[in-house]
Structures are given as structure tokens and as C-alpha cells.
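Chain residues, written in single-letter form:
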Amino acid sequence: MSIINATDASFDADVLGSDQVVLVDFWAPWCGPCKAIAPTLEELAADYAGRAKIVKVNVDDNPESAARFGIRSIPTLFVFKDGERVEAVVGGRPKSEFAALLDKHL
């Protein structure tokens, strides 16, 4: 499965309405750390296909979603399960830490 690019309009359906655990990356194209973790998120999307979803939200293009969740620093990543935010991480992390976050809620 590939990464889903959510918008303000699709966020509820892509994330809150998902029947899978969802890792959401709030990012922007000009953000260096965001670019650094992008390959890791691609790998996670493949590794967790069918079990969890990886969703990216460009905060520049989707300010409503960023404001809704109080995003003040990027990258900020949230884990959602059953429509509820259950974890939050600010900043880049190694793949193993992101995988551990997903595993904790599967």
C-alpha cells in the first residue's frame, strides 16, 4: 500500500473513519526533517500494508487540518485508532520507533 495524501476535505474519511490504525504525518515541502523521514514512511507503508495506513497532510495546503489538531511544529506525527488520537510524536525518529508506535496499537 502506498502513502495516502489527505486533504482538509478527505481527512475524516481517510483517518478518522479508517478501520485500521493510521499514522498521520503533518509535513510541508520546505521542511528538511520532513523530507528526511519521507523514505522511512514509504517503507512503513509497504511493511504495514493491510494492517495500518500511512497518511500525509501537507500543512501549507491543508491549514484547517493543521489548526484542528494544533500543529505548531513539523514534522508532527499522530497515531489514530478507532477515530481517536492515541499517540503523538514531534520530530524525526528512526524507523524502529515509528514501527514500535504502530505495533503498540495493532
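Residues numbered from 1 in each chain as written. Predicted model: local features only at pLDDT ≥ 70, side-chain atom pairs only at ≥ 80, totals over all residues. Heavy atoms only, no water.

Before going further, it helps to examine the packing of aromatic side chains. Aromatic rings considered in pairs are described by the distance between their centres and by the relative angle of their planes. Counting across every chain of the model gives eight aromatic pairs. Taken together, a centroid distance of 5.2 Å and an interplanar angle of 45 degrees make the contact between Phe11 and Phe69 tilted. Remark: Phe69 occurs in the loop between helix 3 (63–68) and strand 4 (76–81) and Phe11 occurs in helix 1 (residues 11–16); sequence separation between them is 58 residues. The exposure classification of Phe11 matches that of Phe69, with both residues buried. Three or more aromatic residues joined by ring pairs form one cluster here, namely Phe11, Phe26, Phe69, Phe78 and Phe80. The ring of Trp27 carries the charged tip of Lys56 above its face, separated from the ring centre by 4.7 Å. Directly above the ring of Phe78 sits Arg85, whose terminal nitrogen or CZ lies 4.5 Å from the centroid. (Phe/Tyr/Trp six-rings, centres within 6.5 Å; stacked < 30°, edge-to-face > 60°. Helix = DSSP H or I, 4+ residues; strand = E, 2+ residues; numbered from the N terminus. Buried < 20%, exposed > 50% of the residue type's maximum accessible area, 1.4 Å probe, protein only. Lys NZ or Arg CZ within 6 Å of the ring centre and 35° of its normal.)

Bringing the nonpolar core into the picture now. Ranked by size, the top nonpolar core spans 19 residues in total, and within it Phe11, Val24, Phe26, Ile71, Ile74 and Phe80 carry the most contacts. When contributions to this core are tallied by element, the ones reaching two or more residues are helix 1, strand 2 (21–27), strand 3 (52–58) and strand 4. Counting residues per element, this core draws most heavily on strand 2, at four residues. Ignoring any residue separated from it by four or fewer positions in sequence, one finds Ile74 in contact with Phe26, Trp27, Ala28, Trp30, Cys31, Cys34 and Val59. (Core = buried A, V, L, I, M, F, W, Y, C linked by side-chain atoms within 4.5 Å. Contact = heavy atoms within 4.5 Å.)

Turning our attention to the pattern of salt bridges. Oppositely charged side chains can form a pair if their charged atoms are brought close together. For the structure shown, the criterion picks out six salt bridges. Of the charged contacts, one joins Lys95 and Asp47 as a salt bridge, the two residues approaching to 2.7 Å between their closest N and O atoms. Of this pair, Lys95 sits in helix 4 (residues 95–105) while Asp47 is found in helix 2 (residues 32–47), placing the two residues 48 residues apart along the sequence. Since its relative accessible area comes to 29%, Lys95 is described here as partly exposed. One salt bridge connects Lys104 with Glu87, and the closest N-O pair in it is separated by 2.6 Å. Of this pair, Lys104 sits in helix 4 while Glu87 sits in strand 5 (residues 84–90), placing them 17 residues apart in sequence. Lys104 gets classed as exposed once you look at its relative accessible area, which sits at 58%. The class for Glu87 is buried, based on a relative accessible area of 17%. (Salt bridge = Lys/Arg side-chain N within 4 Å of Asp/Glu carboxyl O.)

Those residues of helix 4 not exposed but buried are Phe98, Ala99, Leu101, Leu102 and His105. Looking straight down helix 4, one finds that the buried residues subtend no more than 155 degrees of arc, so they occupy a single side. Exposed and oriented more than 90 degrees from the buried face of helix 4 are Ser96 and Lys104. Residues of helix 4 that are buried sit in contact with strand 2, helix 2, strand 3, strand 4 and strand 5. (Arc of directions from axis to C-beta.)

In short, the description is geometric, and any link to function would need to be established separately.
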